[in-house]
Amino acid sequence: MRVYLGGGHEELMYDLGAMYRRLGYDVFEPGICGRFESKRGPRDPETTEDEAAHQRRIDDALRDYAAKVTTDHLVCFTARPTVFEHVMDAAGSSVEWVASRANFAHVILGTHAALFSHVIPTIWQFHGQQNARYDLAISEVCGRGGCVVCYCQQEADLFPGARLPVIHFGKNPQEWCGWTGEEESVFYVANSLAQRAEACHYQAFRDTMIPGKWWLAGENNERLGDRARRFRFDEFKQQMRNSRVFFALGTVPAPYTLAPIEAAMTGMPILTPWYRHPKECAPYALPDLLGAGCLVVSKPSQHAVEKVLGDGIIARRRREKLSRRAREAAVRLFSNERVDREWALLIKEWRG
């Protein structure tokens, strides 16, 4: 059985590819070609130049569509031309070539769902970027025999009539572990934080960062100083073990993101405000998911963080309790053992 993986989120697609391989599937990911250093370490995928050339034709047609028609992943289902019509006109033979080499597709982008669901059975996995207006797009994909999967219950609740299945992101508890908190620092994670200030709660970062006691992991943050950097994957995991506290900035409209789940499973104490999301989006879910493993800060401030970061016995005991509860919740909800089993059952029921 062979699965075609679309692109759009490097870390998530890496995890999905690893999951399918654990389940015994052949993974076909022609958008990844040639040896390179990815966000998850070295990659040397077994992709031929011919396979990659077909994917490039498709990607070029998708970029052309975004430039000429719309960048909205929801509108692409109904605009004239639709993304399917546009890409088939420009690269139809490549779409059919790719589709003919897999049993089904697993995608996360709306453009890929709107395109590939016409030509191959398609799983469209939501990952926090959707809103209540996606009901028509869901109907279109499911109406062609596809399957739409939410990544948390708060997201599925946006579409009560669709009764969409829920499967969380999966992580390996043997990989994400070993927190010591030996370094008196707070760990933040966000890409392009200043450029995406409102969506990524830049002000919460400014209000809580303690001079000389913070790290910001992610891309395009250089303007924020030398403690903002793109960590190599091994460095990223080690810093999670070393820093005393993880402060979850959140990303509107996502109910939760990968980084705080990786941090919680590592055993980091998690701090976060309870961010408000727009009414048509799923509510912020991290405090509900982690429960007693997540300390909700009513007002982001250096003082609120220092009460957990400090060396006193009360702060230390609070960190130890948060660490234990965070890891327990993360292993229970997000472990690969559970998530792999849920995906295997869903695919079996869907594909027969």
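See the structure printed just above.
Overview of the structure. Computed from a predicted structure; not experimentally measured.

## What to know about helix α5 (residues 135-143)
Reasoning step 1: Considered for burial, the residues of α5 that qualify are A137, I138 and V141. The buried residues of α5 occupy an angular sector of 100° when the element is viewed end-on, so they sit on one face.
Reasoning step 2: Buried residues belonging to α5 abut α4 (110-116), β6 (122-125) and β7 (147-149).
Reasoning step 3: Remark: G145 follows α5 within two positions and exhibits a positive phi of approximately 90°.

## Some remarks on empty space enclosed by the protein
Reasoning step 1: The final tally for this structure, using the stated rule, is 2 cavities of 30 Å³ or more.
Reasoning step 2: Within this model, the largest cavity holds a volume of roughly 100 Å³.
Reasoning step 3: Within the residue set of the lining of the largest cavity, elements represented by two or more residues are α1 (10-22) and α13 (336-351).
Reasoning step 4: By residue number, the principal contributor to the lining of the largest cavity is α1, which donates 5 residues.
Reasoning step 5: Class assignment for the residues of the lining of the largest cavity results in 6 nonpolar, 4 polar and 3 charged.
Reasoning step 6: Around the second largest cavity, the lining residues are A248, G250, T251, A254, P255, Y256, T257, P260, Y284 and L286.
Reasoning step 7: Across the lining of the second largest cavity, the residue classes tally to 7 nonpolar, 3 polar and no charged.

## Describing the packing of aromatic side chains
A ring pair, where both rings are aromatic, is described by two values, the distance of the centres and the angle of the planes.
Reasoning step 1: All chains considered together, the criterion is met by 26 aromatic pairs.
Reasoning step 2: For the pair F187 and F246, a centre-to-centre distance of 6.3 Å together with 75° between the ring planes defines the contact as edge-to-face. Placement of F187 in strand β8 (residues 183-189) and of F246 in strand β11 (residues 243-247) is noted, with a sequence separation of 59 residues between them. Residue F187 shares its accessibility class with F246, and that shared class is buried.
Reasoning step 3: An aromatic cluster is present here, built from W176, F187, W215, F231, F233, F236 and F246 joined pairwise through their rings.
Reasoning step 4: For R229, the ring lying beneath its charged end belongs to F231, and the centroid distance is 4.4 Å.
Reasoning step 5: One cation-aromatic arrangement involves R351 over W350; the distance from NZ or CZ to the ring centre is 5.4 Å.

## With respect to the nonpolar core
Reasoning step 1: Ranked by size, the top nonpolar core spans 81 residues in total, and within it Y20, F205 and I270 carry the most contacts.
Reasoning step 2: Other than its neighbours up to four places away in sequence, Y20 contacts V3, L5, Y25, V27, F104, H106, I123 and I347.
Reasoning step 3: In terms of nonpolar packing, the next biggest core, distinct from the first, is built from 39 residues, Y65, A102, F116 and L158 among them.

Basis of the calculations
- Residues numbered from 1 in each chain as written.
- Predicted model: local features only at pLDDT ≥ 70, side-chain atom pairs only at ≥ 80, totals over all residues.
- Heavy atoms only, no water.
- Buried < 20%, exposed > 50% of the residue type's maximum accessible area, 1.4 Å probe, protein only.
- Helix = DSSP H or I, 4+ residues; strand = E, 2+ residues; numbered from the N terminus.
- Arc of directions from axis to C-beta.
- Contact = heavy atoms within 4.5 Å.
- 1 Å grid on protein atoms, 1.4 Å probe; cavity = no way out; pocket = protein on both sides within 12 Å on 5 of 7 lines; lining within 4 Å.
- Points joined across faces, edges and corners; volume = space filled by probe spheres on them.
- Nonpolar A, V, L, I, M, F, W, Y, C, P; charged D, E, K, R; others polar.
- Phe/Tyr/Trp six-rings, centres within 6.5 Å; stacked < 30°, edge-to-face > 60°.
- Lys NZ or Arg CZ within 6 Å of the ring centre and 35° of its normal.
- Core = buried A, V, L, I, M, F, W, Y, C linked by side-chain atoms within 4.5 Å.

The values reported here are purely geometric and, on their own, carry no functional implication.
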